[in-house]
Amino acid sequence: MEINQKKLWLSLIVLYAITTSVLGDFGGPLLKGFYKESCPLAEEIVKHNVEVAVLKDPRMAASLLRLQFHDCFVLGCDASVLLDTHGDMLSEKQATPNVNSLRGFEVIDYIKYLLEDACPLTVSCSDILAMAARDSVFLRGGPWWEVLLGRRDSLKASFAGANQFIPAPNSSLDSLIINFKQQGLNIQDLIALSGAHTIGKARCLSFKQRIVQPNIEQTFYVDEFKRHSTFRRVLGSQCKDSSRDNELSPLDIKTPAYFDNHYYINLLEGKGLLISDNVLVSEDHEGEIFRKVWEYAVDQDLFFLDFVESMLKMGNINVLTGIEGEIRENCRFVNV
């Protein structure tokens, strides 16, 4: 009898260890309708205010989507990117990929203010980022998806991590693949998530090298009309010297205001704005990526389907749940 009781307790201890390692202490996986009882209007509050922000500034859709990318690639999807510098903690906002580049913080601040008024200390800043990214895509004509919720907010930021893990606009294909792999994302995710560049703008500083690089793009046709060099000359006229480093150019020159598959059509024509866009085709010596770019270029529904799948996968990177982290009262600061 005593031996059986010991076996039972050992089994329970092992089961608890496995459960907590997978789900976190008293936590659980991200869920649909996580705030259905605790804050039933949460998703509606986020959606309405994202819509207002995008109506005022259409570029804000891309900015809010980008915020979640830059958050999830550093420490995980935990809203660390929203923290301001405080004491010994240096904000990720000051890192090279983010400084004078990331925007939309005030939109998140206002949404958080409204949610705190409706449901104090209930909705996390990291979940706000996930919902805002989804709503931004949908408002620009892209797909809608059910965001899994239940994230909690980090207690720290990583300035060094932001400098190390966020892909640079002049990244090679190999470095992009390695970078995504570090986050648990594969080549399929890299191709699909790169399609986020169908909306938004970039500064001349981000694509200067694209203008002067050798004409090495490989496309599905012979460039007999010099489209590549003509495209670079147009970019060069916008970014003549360092005084124009902050001038903006659309990432998708054909349909910059719409979330669609024209990003991939641009790549096939050698008209991706960033070097990190064009390497998906120009440095793909095996042809695997090229084939998928072609598939997305001719089938927008397929792109939307894969984009949603990869967004859900990215949104689950190193999330904090249960009693991990906290629910911040102000997204810019850890609770006192």
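The structure presented is a predicted model; accordingly, all values stated were derived computationally and were not measured. In this convention, every chain numbers its residues from 1, walking through the sequence in written order. It should be noted that, the model being predicted, local features are given only for residues of pLDDT at least 70 and side-chain atom pairs only at 80 or more, the latter also being counted only at that level, while totals for whole chains, interfaces and linings use all residues. To obtain the side-chain values, all non-hydrogen atoms of the structure were used and water was disregarded.

1. Notes on the state of the cysteines
A pair of cysteine sulfur atoms is labelled a disulfide when the two atoms are within 2.5 Å. Summed over all chains, the structure comprises three disulfides. The side chain of Cys125 participates in a disulfide bridge whose partner is Cys331; the two sulfur atoms lie 2.1 Å from each other. Taking the sign of the torsion about the S-S bond as the criterion, the disulfide between Cys125 and Cys331, at about -100°, is left-handed. In this pair, Cys125 sits in helix 5 (residues 125–139) while Cys331 sits in the segment after helix 14 (300–314), placing the two residues 206 residues apart along the sequence. Where helices and strands are cited, they refer to DSSP runs of H or I of at least four residues and of E of at least two residues respectively, numbered from the N terminus.

2. Remarks on the environment of Leu114
Structurally, Leu114 can be placed in helix 4 (residues 105–118). Buried, partly exposed and exposed residues are distinguished by accessible area as a fraction of the type maximum, computed with a 1.4 Å probe on protein chains only: under 20%, between the cut-offs, and over 50%, respectively. Judged by relative accessible area, Leu114 falls into the partly exposed class, the value being 23%. Spatially, the C-alpha atom of Leu114 lies 7.6 Å from that of Ile45, the residues being 69 residues apart in sequence. Other than its neighbours up to four places away in sequence, Leu114 contacts Ile45 and Asn49. Whether two residues are in contact is decided by their heavy atoms: any pair within 4.5 Å suffices.

3. Comments concerning empty space enclosed by the protein
Cavities and pockets are found on a 1 Å grid laid over the protein atoms alone: a cavity is a set of points where a 1.4 Å probe fits but cannot escape, a pocket is an open set with protein on both sides within 12 Å along at least five of seven lines, and a lining residue has an atom within 4 Å of such a point. Grid points are joined across faces, edges and corners, and a volume is the space filled by probe spheres set on the points. Considering all chains together, one arrives at two cavities of 30 Å³ or more under this definition. Each pocket or cavity is described by its volume, and for the largest cavity that value is around 60 Å³. The wall of the largest cavity is formed by Gln68, Ala130, Trp145, Val147, Arg151, Met311, Leu312 and Gly315. In this count, Pro and Cys sit with the nonpolar residues alongside Ala, Val, Leu, Ile, Met, Phe, Trp and Tyr, while Asp, Glu, Lys and Arg are called charged and the others, Gly among them, polar. Residues of the lining of the largest cavity, tallied by class, amount to five nonpolar, two polar and one charged.

4. Points about the pattern of salt bridges
Salt bridge, as applied in this entry: a Lys or Arg side-chain nitrogen positioned within 4 Å of an Asp or Glu carboxyl oxygen. Considering all chains together, one arrives at 12 salt bridges under this definition. Linking Glu116 and Lys112 is a salt bridge whose minimum nitrogen-to-oxygen distance equals 2.8 Å. Highlighted residues: Glu116 and Lys112, both in helix 4, separated by four residues, approximately one helical turn. Taking relative accessible area as the criterion, Lys112 reaches 2% and is therefore assigned buried. Bridged by salt links that share partners, the residues Asp84, Lys93, Asp109 and Arg332 form one connected network.

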